[in-house]
Amino acid sequence: MRGAHFRAVDAAPAPHALVATLDAVAAREGVHRLKRHGLDMLAVTAGQRLLDVGCGTGDDVRALAGLLGPSGLVVGVEPSEVLLAEARRRAADSPLPLRFAAGDASDLPFPAWSFHACRAERVFQHLADPLRALTEMIRVTRPGGRVLVLDTDWGTTAVSGADRSLTRRVLDGFGDHITQSWIGRQLPGLFHRAA
Ligand SMILES: C[S@@+](CC[C@H](N)C(=O)[O-])C[C@H]1O[C@@H](n2cnc3c(N)ncnc32)[C@H](O)[C@@H]1O
């Protein structure tokens, strides 16, 4: 199950192959819609400082930086050296206001109130302690700023198979490989607890 490797990309059997996986997922229309919806919810304005937690190849960091103007800054934080190197390679010739940093969602390497807004997309499903990560995102965001977490609930996957018990086992087995396979339904409760 390739998705499960995103909890520790550099320890995966073929970490560079996960770059291609991310690109394939990002090309899906449903993911485009998710990202557009996320941008609307962040309500970015010129000059802001933004953080993308678990930024992967940094495509969202570059997209956000394009909206900010020269006085803004987008920072992408990412624990995988492989993905961080790819994010830096993709942004190498970019004049946009962005930078990348190594770091983990559970211990963000920034002082309190560093950002106007903060986002994490398809990251929380891989975390051992999502509440701690959300608390960290809130800590580094200024009062009144927006904290956006977009994620998947693998328990809502629907598959139609002729053999009901086999289909059930396939669905259960799939979700079981993801650290927080029900994170989608848990996010509202996490926000209540972290607030
Ligand atoms: C499915 S990818 C999504 C990447 C990117 N956000 C996107 O939308 O394309 C999951 C990302 O979460 C990162 N990740 C996993 N564990 C993490 C942690 N403890 N802290 C921060 N990021 C983490 C992975 O390295 C990977 O970049």
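Residues numbered from 1 in each chain as written. Predicted model: local features only at pLDDT ≥ 70, side-chain atom pairs only at ≥ 80, totals over all residues. Heavy atoms only, no water.

Asks: Before we move on, can you summarise the sheet that holds strand 5 (residues 141–150) with the specific residues and values?
Replies: Taken together, five strands build an open sheet; the order of strands is 3-2-1-4-5 and the sheet is parallel. Either end of the sheet is taken by a strand with one partner, and the two such strands are strand 3 (98–102) and strand 5. Sheet twist, expressed as the average angle between the axes of neighbouring strands with direction ignored, equals 20°. Here helix 2 (residues 29–42) sits on the sheet in contact with strand 4 (115–121) and strand 5, set at roughly 165° to strand 5. Along the sheet face, helix 4 (residues 81–90) touches strand 2 (73–78) and strand 3 and points at about 165° away from the line of strand 3. (Pairing = 2+ DSSP bridges. Helix = DSSP H or I, 4+ residues; strand = E, 2+ residues; numbered from the N terminus. Axes fitted to C-alpha atoms, helices over the stretch in contact; angles between N-to-C directions. Contact = heavy atoms within 4.5 Å.)

Asks: Describe in detail helix 5 (residues 130–140), supporting the description with residues and values.
Replies: For helix 5, the set of buried residues is P130, A133, L134, E136, M137 and V140. End-on, the buried residues of helix 5 take up no more than an arc of 155°, which puts them together on one face. (Buried < 20%, exposed > 50% of the residue type's maximum accessible area, 1.4 Å probe, protein only. Arc of directions from axis to C-beta.)

Asks: Mind laying out the packing of helix 5 against helix 7 (residues 183–194), listing which residues take part and the relevant values?
Replies: Taken N-terminus to C-terminus, the directions of helix 5 and helix 7 make an angle of 55°; their axes are 10 Å apart at the nearest point. Judged by the angle between their axes, helix 5 and helix 7 are oblique. The handedness of the crossing between helix 5 and helix 7 comes out as right-handed. Residues P130, L131, L134, T135 and I138 of helix 5 pack against I183, L190, F191, R193 and A194 of helix 7. Taken together, the residues that form the contact of helix 5 with helix 7 break down as eight nonpolar, one polar and one charged. (Parallel < 35°, antiparallel > 145°, perpendicular 65-115°, else oblique. Left-handed = near helix turned anticlockwise from the far one by under 90°. Nonpolar A, V, L, I, M, F, W, Y, C, P; charged D, E, K, R; others polar.)

Asks: Which residues make up the packing of helix 1 (residues 17–26) against helix 4, and what values go with them?
Replies: At a closest axis distance of 10 Å, the pairing of helix 1 and helix 4 adopts a crossing angle of 60°. What the angle tells us is that helix 1 and helix 4 run oblique. Viewed along their axes, helix 1 and helix 4 form a crossing whose handedness is right-handed. Two secondary-structure elements touch here, helix 1 through V19, L22 and D23 and helix 4 through L83, E86 and R90.

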